[in-house]
Amino acid sequence: MTAASSEPGLPVVAADPLAGADRATAALHVENLEVDFLVRGIPRRVLRGVSFSVRPGESFGLVGESGCGKSTTAYSALGLLPDNGRVAGGQALIAGRDVTHMSASDLRQVRLNDVSMVYQDPGAALNPTLKIGMQVTEAFTMLGAAKAEARDRAFEALRRVRISDPRGVMERYPHQLSGGMQQRVVIAMALANDPKLLVLDEPTTGLDATVEAEVLDLVESLREDTGAAVLLIAHNLGVIRRMCDRVGVMYAGKVVEQGPAAEVFDNPSHPYTVGLLRCLPRHGARKNDRRLDTIPGFLPQIGEALPTCVFVDRCPIATDVCRTQAPPVVALGTDTSGARFARCHHIDKVAQIEPTGLLSGADAEAREVEPILRLEDVNVTFHQNRRSIHALVDVNLDLRPGETLGLVGESGSGKTTLAKTILGIQQPDTGSRVVLDGVPLEGSTRKRPQDARRSIQIVFQNPDSALNRAQSVRAILSRALAKLAGITGKEADTRLDVLINHVRLTPRHLDLKPRQLSGGLKQRVAIGRAFAGDPRIVVCDEPTSALDVSVQAAILNLLADLQRDEQSSYVFISHDLGVVRYLSDRIAVLYLGRIMEVGPAADVFAGPHHPYTEALLSAVPSVDGAPETRIRLDGEVPSAASPPPGCVFHTRCPRRLESGICETEVPPLVEVEPGHRMACHIPLEELRGLQAAETVQA
Amino acid sequence: MVVYVLRRLALAVVTLFLLTLIVFAISNVLPQDVARAILGPFAPAESVAQLNKQLGTDQPLLVQYWRLLKGIITFDFGTSYQSGQPVTELIGQTLSNSAKLAILALLLTVPLGVVGGIAAALRKGRLADRVIVTLGLAGSAIPEFVTSTFLIFVLGLKLNVLPVLATWPEGSSIGTQAYYLLMPSLALVLVYFGYIARMARAGTISALEADYTRTATMKGMTRAKVLRTHVLRNALLPTISVVATQTGYLFGGLLAVEVIFNVNGLGRLLVTAAKAKDLPVLSAGVLVIGTIYMVATLLADLLISYLNPRIRLAANA
Amino acid sequence: MSETTRPSDGPHSAATPSSSTSDAADMTHGLVDREMNEMVTVPAGPGMTASAAALTARKTARRETFRLLMRKPSFVIGNLIVIFWVVCAVGGKAIAPYDPQQNFSDFLHAPPGGDFLLGTDRLGRDVLSRIITGARDVLIVAPVSAVIGVTLGTVLGLVMGFYRGAVDDILSRIVEAFLSLPIAVVGLLALVVLGPSNTTVLTVVGLLFAPIVARTVRAAVLAERELDYVQAARLQGESSFYIMFREILPNITGPIIVELTVRIGYAIFTVATLSFLGVGVQPPSPDWGLAISDEYSFIISGYWWPVVYPSLAIASLVIAVNLIADALQGVLSR
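Predicted model only: the values in this text are computed from it and were never measured. (Residues numbered from 1 in each chain as written. Chains lettered and ligands numbered in written order. Predicted model: local features only at pLDDT ≥ 70, side-chain atom pairs only at ≥ 80, totals over all residues. Heavy atoms only, no water.)

For chain A, the helix and strand inventory stands at 25 helices and 24 strands. Here the C-alpha atoms of chain A give a radius of gyration of 27 Å, agreeing with the 26 Å that 2.2 N^0.38 yields for 698 residues. By principal-axis analysis of the C-alpha atoms, chain A measures approximately 75 × 65 × 50 Å. Out of the 698 residues belonging to chain A, those deemed buried represent 60%. (Helix = DSSP H or I, 4+ residues; strand = E, 2+ residues; numbered from the N terminus. Rg over C-alpha atoms; globule rule 2.2 N^0.38 Å. Buried < 20%, exposed > 50% of the residue type's maximum accessible area, 1.4 Å probe, protein only.)

Given below as structure tokens:
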């Protein structure tokens, strides 16, 4: 599989570095694994020879964008491929035995004794009609324990995953637990057989960052206790960096680079890894400092015939040889055992890949201008079964022309409700005022004048949902021009060209339907629609979180460019603090529908910050290595139907005051620094002292 | 749960009320002269007027509707135009035979459909699956009376193994009656098997593909145990409501089947009443069948809500 | 009559996980879409005008759907059978060997074979000729009533699903009340009141189908409504009417076409049953249901052919329509 090197002088591993090595001792040894999926009877290659090895007790991460085959690798290694999948070649050995060609009963023994798995969606991984106790107990009875003993052990297992009330939880059904609790239960079941190998497939992807941090802490400490080897699959580079000793970077069904996590992330040696890391807004990068790097081109489609080097079409340093010869497996570092390698013809040139140029623009200094949008005492209450749920409580916010206001908070904090209220698709309570250019707006978009509608537009999270799949791009954008800009007829064609040019689409995209476009292109169409009527305000609700990182970077660049050109204001919602930081001028932090802190992005991120903000920031696993200190939140977000008295955050606040004031008195939102307001009983200077040692990076 | 049950009951009452409105509206859709319709165009005007008075059809619609509602509560639907017998009596006499036929058909269809559906799901895409699915599709597409003629032709005429008329001797045992009802119920089984099998198959496939099934597999369970403890319960929940709705619709199928096999049941009563334009019998029978459907779906919903902890435990759902 | 119940009304969760999901899911679910991408993408060549490219893209998409359908044996077989009966219905007397009403009084209940390929009935009429000419009534009445039902039901379902709230609650109750009545039963009642004729049959059956179709369409609309493009249209200032009929409707044509085909199958089922019960198509029409009704009591005396052959005709037609519906369901439903 490896051709002779075309670059004499480089330490080239002649054969696959892992062939033969570790076979018998590894917790999981995958060798040249090839997997096809049958689509309408036609086999489509998904894995193109994957090799790696997870040593006993080690934590190994597989990382890559969607469709790269990381989950398929894991599922093949556990004999869990769907009906249309089949292993076309290679092996996957668990404890020295090949799982891919094993009898059903042998496979069952392996699953019973040697491996366990934790999935992305814990809610789906638990049987909705059976009590938690029964499901966990079952894991032990399968191992031969008697009923009573199994129950005791289930109790212990739940306690071990830090569930505070195991007895109570055992009597409950999955839907009565939060996502974080569900994932703990799944982990408890996975550890029942004391596995030699624990496979985690995107275990925290659907969870809030704060919950994610808890779950990752838990997995880390349990791994230390049990000595289980871990195979962690994640698209989030930060998660992998935090959790893994070694990492394999996958692209198009191949591991293109592999090595110790710190080395791979700090000193990437494959052009793809370099690109992937540079796509992320890191080191506090801001929209006015630099554009984000992107990886040009598209992810290859599944089953597509690819040239000898799978990455060649998107590679900045590719040459002719990349198309004609399979790239060599180049061992890196001093160790030639293959522990660290990259598949590339031009390893020596990787370091020379130029980052995108810096921008000279400075932050807008127009602080004193009139706000374009003003929210005054906005309250939103949902009435459900005679209970009142306060989704937003006394929200006061300004938005200035040309600025980006980032909204941050856990799910259920009211970010999206706030966005919807601004747009007029969520009616606020009476007494709330949404004021555009000094003119109060009706609560419902239907009652607003067309000019107000034109002024406030939205970019949704998921372009598949946001674009009408029955319409062509031309129909979508022309209609938007007609309704929002009032342009029809001949002029519309000219304007359409201008518009698609703005969002970096080409005329050939116009006659395609959304499903014929990639995720990134679809999001461009959605952005184009929002900008059709020269909006003053664009609400961006998680506009990049359904996209892969390489696509995300391009969309963020586009949003920053459009803002610079059009001077529109953004209300930007994202769970990814790095992204928020990149794009935002000011940040508002919400918790249970209340603003905890609002201020210039630099101040909010640099601190001193509200303890909740502090917790959010320290929950984020960084691609650049872990920060020194972390504060963790305990417990769950309280129900918005019965918020805690006093400061709503006191039930989870790690810095709660001894005096008891937090439990009884609501802290006012006061200005602690110029333009920086915070709702906390702890004085700013004290917070500064407490947080001084902690340099948190987003 | 209590709130759910109460709300579901209230909805059933509302639906029942609407049902009476619909039936009444259809019966009075034309400003027709009922007695004239019965007696024909050449009857003298006096006898028409007299019959109208006797039937109460000379009174305002509101009064007539009120009488219908009162009749439902007191089980008094008036008298048959045709025989002069109380409608309640006529329906009572025939309903038990229809119930016997329906129960026998259900006792055969439900287990067959469920087992067939699960078997098909377990062999998804293979020959057995295709055969079951296609048979179900074909069976449920063909009208009951057509299926009945095939059955009579094959089982009655060619093989001569089953009686073709469901007229059992007076005082027969349950077993004998079932024997006589076997062919008519087979006609119903062929039609309703497909619906139940299709739903059981779909439910099983989605449960088999669910993550929790994979969790169970990863616990090292045998496939049989996975099926028993994790798949079946979730798979069959949706089948319950199909069984309920089909129970209701089964009574629609009874019309033709009872006519063909000469079962003295509600279906045949309605067809006879239709031919004689005997509206009191007809509309009361339609109401009864609608009520059976509603009771069946009500019971199914309650059963499902009991089996599904998400509904059972919701404080206010 | 008997209706398929779909587990439909569940709230459709349109929300996708907030981040790129595991790629195994991509494989099994996204793969087909991706493949469709490749097939349908037609980049406009340099010499091509934009609208020509649009036309080509649309044509290609349609041709692709057709190609997928033609690969399904059920679709091909179903269509061949339907075409056969349509030819019979159109040809009628012109292709029948005898006048379907002619009584050959010397040949009462003549067995199949000889001059009468499928035998004669109790009045000495040629069974084959009656079957050929009997296709016409059902093939007119059934599709027309299905179209009536689907049109009304679609409008009703759109309104219910789109407005939700009180409108939906009230309409849903009424629909539910209608659904509790087997169509044959309520059809019997209605036709007794209105008197039988082809027009009343197709009107009654069509009206009775509307609530059933409405429920299916409502479920589809509820799912669509959750999608953000509906919000986007609102924010663009589109009217409710525009959103319902121009934005949502084109996206649910797949389920509606499937529903129409399914309804045609049930309409044949229902019309035949009503004729059999004596309230549908009236004598002396050679209608199949009617023929079975007139002759079934003789079957046990051995005169099976005037019953079994029309029965086969009905069975073949309904199965054929259902095969088509099944194939469409597989290809058109997303």
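For the structure on display, the rule yields 51 salt bridges over all chains. Residues Lys131(A) and Glu171(A) are paired through a salt bridge, measuring 3.3 Å at the closest nitrogen-oxygen approach. Pair noted here: Lys131(A) is in the loop between α3 (122–125) and α4 (132–141) and Glu171(A) is in the loop between α6 (166–170) and α7 (179–190), with a separation of 40 residues, a long-range link. Note that Asp301(B) is salt-bridged to Arg8(B), the shortest N-O span being 2.7 Å. A residue pair is termed long-range when its members are at least 10 positions apart, and Asp301(B) in helix α12 (residues 279–307) and Arg8(B) in helix α1 (residues 2–27) qualify at 293 residues. Taking the relative accessible area as the measure of exposure, Asp301(B) reaches 23% and is therefore partly exposed. (Salt bridge = Lys/Arg side-chain N within 4 Å of Asp/Glu carboxyl O.)

The pairing of strands in a sheet comes from backbone hydrogen bonds and takes either a parallel or an antiparallel form. Residues and elements named next belong to chain A. Here we have four strands laid out as an open sheet, ordered β14-β13-β16-β17, and antiparallel in their pairing. Two strands in the sheet have a free side with no partner beyond their single neighbour: β14 (387–399) and β17 (439–440). Judged from the nine bridges that link them, strand β13 (residues 373–384) and β14 form a sheet pairing that is antiparallel. Its bridge partner being in β14, His383 is matched across the sheet by Ser388. In the packing of helix α14 (residues 415–423) onto the sheet, contacts are made with β13, β14 and β16 (433–436), and the angle to β13 comes to roughly 115°. (Pairing = 2+ DSSP bridges. Contact = heavy atoms within 4.5 Å. Axes fitted to C-alpha atoms, helices over the stretch in contact; angles between N-to-C directions.)

This paragraph deals with the packing of aromatic side chains. Applying the stated criterion to the full structure yields 27 aromatic pairs over all chains. Summarising the aromatic geometry, the rings of Phe84(C) and Trp85(C) are spaced 4.9 Å apart at their centres and angled 70° between planes, so their arrangement reads as edge-to-face. Aromatic pair Phe162(C) and Tyr163(C): ring centres 5.3 Å apart, planes at 85°, arrangement edge-to-face. Residue classification places Tyr163(C) among the partly exposed residues on the basis of a relative accessible area of 41%. Three or more aromatic residues joined by ring pairs form one cluster here, namely Phe153(B), Tyr303(C), Trp304(C), Trp305(C) and Tyr309(C). The positively charged end of Arg225(C) is found above the aromatic ring belonging to Phe162(C), 5.2 Å away from the centroid. In this arrangement the basic side chain of Arg263(C) is found over the ring face of Phe209(C), its NZ or CZ atom lying 5.0 Å from the centre. (Phe/Tyr/Trp six-rings, centres within 6.5 Å; stacked < 30°, edge-to-face > 60°. Lys NZ or Arg CZ within 6 Å of the ring centre and 35° of its normal.)

It is worth spelling out the pairing of strand β8 (residues 229–234) of chain A at this point. Residues and elements named next belong to chain A. Counting buried positions along β8 gives six out of six residues, so the element sits mostly inside the fold. Where strand β3 (residues 59–63) lies against β8, five bridges are found, and the strand directions are parallel. Pairing of Ser59 across the sheet is with Val230, part of β8. Where strand β7 (residues 197–201) and β8 come together, five bridges link them in parallel fashion. Following the sheet pairing, Leu197 is matched in β8 by Ala229. Between the parallel pair β7 and β8, the chain is carried across by helix α8 (residues 209–226), and the sense of this crossover is right-handed. (Right-handed = clockwise from strand over helix to strand, strands pointing away.)

Now for empty space enclosed by the protein. All names here are of chain A. Inspection of every chain in the model, using the stated rule, returns 16 cavities of 30 Å³ or more. Counted as a void, the largest cavity has a volume near 150 Å³. Here the residues of the lining of the largest cavity sort into twelve nonpolar, three polar and two charged. If you count residues domain by domain, the lining of the largest cavity takes at least three from each of domain 1 (28–114 + 193–350) and domain 2 (122–192). (1 Å grid on protein atoms, 1.4 Å probe; cavity = no way out; pocket = protein on both sides within 12 Å on 5 of 7 lines; lining within 4 Å. Points joined across faces, edges and corners; volume = space filled by probe spheres on them. Nonpolar A, V, L, I, M, F, W, Y, C, P; charged D, E, K, R; others polar. Domains from an automatic or database assignment.)

Each partner contributes to the interface: chain C provides 48 residues, whereas chain B provides 59 residues. For the pair chain C and chain B, the two sides together bury roughly 4600 Å², of which 80% comes from carbon and sulfur. Contact with chain B buries surface across chain C, with Arg173(C), Leu189(C) and Val193(C) losing the most and accounting together for 13% of the total. At the junction of chain C and chain B, the tally comes to zero salt bridges. On the surface where chain C and chain B come into contact, there are four residue pairs in polar contact (both at pLDDT 80 or more). Elements supplying a minimum of two residues to the side of chain C that touches chain B: α5 (165–179), α6 (183–194), α10 (253–276), α11 (288–295) and α12 (305–332) of chain C. (Buried area = accessible area lost by both parts, 1.4 Å probe. Polar contact = N/O pair within 3.5 Å; in protein donor to acceptor, adjacent residues only side chain to side chain.)

What follows deals with the sheet that holds strand β11 (residues 329–331) of chain A. Residue and element names in this part refer to chain A. Strands sit in the order β6-β7-β8-β3-β9-β10-β12-β11 across an open sheet of eight strands; the sheet is mixed. Looking at strand neighbours, the two that pair on one side only are β6 (115–118) and β11, the edges of this open sheet. Sheet twist, expressed as the average angle between the axes of neighbouring strands with direction ignored, equals 20°. Across four bridges, the pairing between β6 and β7 is parallel. If you follow Ser116 over to β7, its bridge partner there is Leu198.

Turning our eyes to something else, we now look at the packing of helix α9 (residues 211–218) of chain B against helix α10 (residues 223–261) of chain B. Residues and elements named next belong to chain B. Look at α9 against α10: their axes get within 10 Å of each other, and the N-to-C directions meet at 175°. The orientation of α9 with respect to α10, classified from their angle, is roughly antiparallel. Mapping the contact onto sequence places Tyr212, Thr213, Ala216 and Thr217 in α9 and Val226, His230, Val231 and Asn234 in α10. Of the residues in the contact of α9 with α10, the class split is four nonpolar, four polar and no charged. (Parallel < 35°, antiparallel > 145°, perpendicular 65-115°, else oblique.)

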